[in-house]
Amino acid sequence: MDFTQLYEAFDALEDPSFWQDAYMKFYRAWFYKDRWTMYVDGLITTVEVTVMALILGIVLGVVVALIRTAHDQQRPGRRKNPLLGLVNLVCKVYVTVIRGTPMMVQLLIMGLVIFASNRNKTLIGALSLGINSGAYVAEIIRGGLMSLDVGQTEAGRSLGLGYFDTMRFIVVPQAFKAILPALGNEFITLLKDTSLINVIGGKEIVYFA
């Protein structure tokens, strides 16, 4: 007797036992009409959304962190760059607003207001998660960069390197060790937060379940 015949036999019972009822529910949830394929599709979509959001978050986070670090490390006593100050203000508002508002509210605004006419809600969810992640990644990277002694940056500049070359060859490689564990935690957080995109119709694993 295969699993289907066993399920049909249990389903015909008027008063199934606890284990028979549990088997029927398990079969109905996973194997009836090949429902397990929907879970696999949902899992694949969940991983794809997580990876896309993390990549977008890292790109945004690196840009925002470099701008804010450059602003904070301007030499005291010298005239500060007004353009850098303006861009830093924009980045500061972005980080403060995104980190200070609930993820679900951001998803609802993106899915039902800004991109209300777009039907690809899964992609909108990935974009929303990426923008949200960017604010947290920015603070993670900025914290790692600011944790290094300012003498490292000054040493690079004294050798004739520009700001970005100093960051690329001297500061970032040293800060990477401090940043990596926190980025791993951010990936786990994103993986869990993908379940929220079903509120705007995003078809990830919880939606299919």
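About the thresholds
- Residues numbered from 1 in each chain as written.
- Predicted model: local features only at pLDDT ≥ 70, side-chain atom pairs only at ≥ 80, totals over all residues.
- Heavy atoms only, no water.
- Helix = DSSP H or I, 4+ residues; strand = E, 2+ residues; numbered from the N terminus.
- Buried < 20%, exposed > 50% of the residue type's maximum accessible area, 1.4 Å probe, protein only.
- Contact = heavy atoms within 4.5 Å.
- Areas by Shrake-Rupley, 256 points an atom, 1.4 Å probe, with all protein chains shown as cover.
- Axes fitted to C-alpha atoms, helices over the stretch in contact; angles between N-to-C directions.
- Parallel < 35°, antiparallel > 145°, perpendicular 65-115°, else oblique.
- Left-handed = near helix turned anticlockwise from the far one by under 90°.
- Nonpolar A, V, L, I, M, F, W, Y, C, P; charged D, E, K, R; others polar.
- Core = buried A, V, L, I, M, F, W, Y, C linked by side-chain atoms within 4.5 Å.

Caption draft 1: Region of the structure containing the overall build of the protein. A count of helical and extended segments in the protein gives nine helices and zero strands. Here the protein holds 209 residues, and 33% of them are scored as buried. Taking contacts inside the protein between residues at least 6 apart in sequence as the whole, the part at least 24 apart equals 67%. Element-wise, carbon and sulfur atoms account for 65% of the exposed surface of the protein, whose accessible area totals about 12900 Å².

Caption draft 2: Layout of the packing of helix α5 (residues 103–114) against helix α6 (residues 121–146). Viewed as axis vectors pointing N to C, α5 and α6 meet at an angle of 135 degrees, and their least axial separation amounts to 9 Å. If you check the angle between α5 and α6, you find them oblique. The crossing of α5 and α6 is right-handed. In contact with Met103, Gln106, Leu107, Met110 and Gly111 of α5, α6 contributes Lys121, Ile124, Gly125, Leu127, Ser128, Leu129, Ile131 and Asn132. In the contact of α5 with α6, the residues fall into seven nonpolar, five polar and one charged.

Caption draft 3: View of the nonpolar core. Val64, Tyr94, Ile141, Leu145, Met167 and Val171 are the most contacted members of the largest nonpolar core, which has 23 residues in total. Looking at this core, the element that brings in the most residues is helix α8 (residues 163–193), giving seven residues. Not counting residues within four places of it along the chain, the set of residues in contact with Val64 comprises Cys91, Tyr94, Val95 and Ala138. By size, the runner-up hydrophobic cluster in this structure holds twelve residues, among which are Leu54, Leu107, Ile124 and Leu190.

Caption draft 4: Main features of the packing of helix α3 (residues 36–72) against α6. Direction vectors running N to C along α3 and α6 enclose 40 degrees, while the axes themselves pass 5 Å from each other. When the interaxial angle is binned, α3 and α6 end up oblique. Taken as a pair, α3 and α6 cross one another with a handedness that is right-handed. For the contact of α3 with α6, the per-class residue count stands at 19 nonpolar, eight polar and four charged.

Caption draft 5: Spatial organisation of the side chain of Arg68. Tracing the backbone shows Arg68 in helix α3. A residue is classified by how much of its surface remains accessible, and Arg68, at 9% relative accessible area, is buried. If we ignore the near neighbours within four places in the chain, the residues touching Arg68 are Asn88, Cys91, Lys92, Glu139 and Arg142.

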